[in-house]
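Reading the structure
One letter stands for each residue in the lines below.
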Amino acid sequence: MNHRQNRDDALAAVLAVLLLVGITLITRELAGLWAAVAVGMGPALAVYWGPPIARQIALAAEIRRFRRRIADWDRATR
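In what follows, the accompanying structure is described. Note that this is a predicted model, so its numbers are computed, not measured. (Residues numbered from 1 in each chain as written. Predicted model: local features only at pLDDT ≥ 70, side-chain atom pairs only at ≥ 80, totals over all residues. Heavy atoms only, no water.)

**Notes on the overall build of the chain**
Within the chain one finds two helices and zero strands. In terms of overall dimensions, the chain is more spread out than a globule: its C-alpha atoms have a radius of gyration of 23 Å, far above the 12 Å expected for 78 residues. Over its C-alpha atoms, taken along the principal directions, the chain stretches across nearly 65 × 45 × 10 Å. Per-residue burial for the chain yields a buried fraction of 4% across its 78 residues. Working note: accessible area of the chain is about 7000 Å², and carbon and sulfur atoms make up 68% of it. Where the 11 positive side-chain charges of the chain centre and where its 6 negative ones centre are 7 Å apart. (Helix = DSSP H or I, 4+ residues; strand = E, 2+ residues; numbered from the N terminus. Rg over C-alpha atoms; globule rule 2.2 N^0.38 Å. Buried < 20%, exposed > 50% of the residue type's maximum accessible area, 1.4 Å probe, protein only. Areas by Shrake-Rupley, 256 points an atom, 1.4 Å probe, with all protein chains shown as cover. Lys, Arg positive; Asp, Glu negative; His and termini not counted. Charge placed at Lys NZ, Arg CZ, Asp CG, Glu CD.)

**As for helix α2 (residues 33-77)**
Between its terminal C-alpha atoms α2 stretches 61 Å, which fits the 66 Å expected from 45 residues at 1.5 Å a residue. Within α2, the axis deviates most sharply at Trp49, by approximately 45°, and proline Pro51 lies no more than four positions further along. (Expected span 1.5 Å × (residues − 1). Bend = angle between axes of the 7 residues up to and from the residue.)

**Digging into helix α1 (residues 3-31)**
Helix length check: α1 (29 residues) gives 41 Å between terminal C-alpha atoms against 42 Å at 1.5 Å per residue, within 8%. Directly beyond the C-terminal end of α1, a positive phi value near 110° is found at Gly32.

**Quick notes on a nonpolar patch on the surface**
On the surface, a nonpolar cluster with roughly 1000 Å² of combined accessible area is contributed by Leu33, Trp34, Val37, Met41, Leu45, Tyr48, Trp49, Ile53 and Ile57. Its place among the elements puts Ile53 in helix α2. The class for Ile53 is partly exposed, based on a relative accessible area of 41%. (Patch = residues over 30% accessible without salt bridge, like charges linked within 9 Å, V, L, I, M, F, W, Y side chains within 5 Å. Salt bridge = Lys/Arg side-chain N within 4 Å of Asp/Glu carboxyl O.)

**Here we look at the packing of α1 against α2**
With their axes 7 Å apart at the nearest point, α1 and α2 run at an angle of 160° to one another. Compared by their axis directions, α1 and α2 come out roughly antiparallel. By crossing handedness, the relation of α1 to α2 is classed as right-handed. Every residue of α2 that contacts α1 at Leu20, Ile23, Thr24, Thr27, Arg28 and Ala31 is listed here: Leu33, Ala35, Ala36, Val39, Gly40 and Pro43. Counted by class, the contact of α1 with α2 contains eight nonpolar, three polar and one charged residues. (Axes fitted to C-alpha atoms, helices over the stretch in contact; angles between N-to-C directions. Parallel < 35°, antiparallel > 145°, perpendicular 65-115°, else oblique. Left-handed = near helix turned anticlockwise from the far one by under 90°. Contact = heavy atoms within 4.5 Å. Nonpolar A, V, L, I, M, F, W, Y, C, P; charged D, E, K, R; others polar.)

Next comes the structure, spelled out in C-alpha cells:
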C-alpha cells in the first residue's frame, strides 16, 4: 500500500467512528439509553459475529440438503 491509500483508509475509519458516535448520541437523546447502546454496538457485533453465524447457517442448510438426498435415495432403493 502506498502512503496516500493508508491516509485515505485512516480518514475513512475516522469518519466512520465520528458518524457512529454522532448517531449514537442522537439516538440517546431521541430514544433513550438502551436504544443508543443497541445502535452503537449493533454494527460492531454484526461485524464480529456475522461471518461465524453465516457459516453455521450455510452448514445447517447443506446438512439438511444432504439428509434429504439420503432419504430420497433410501426411498428409491426400497
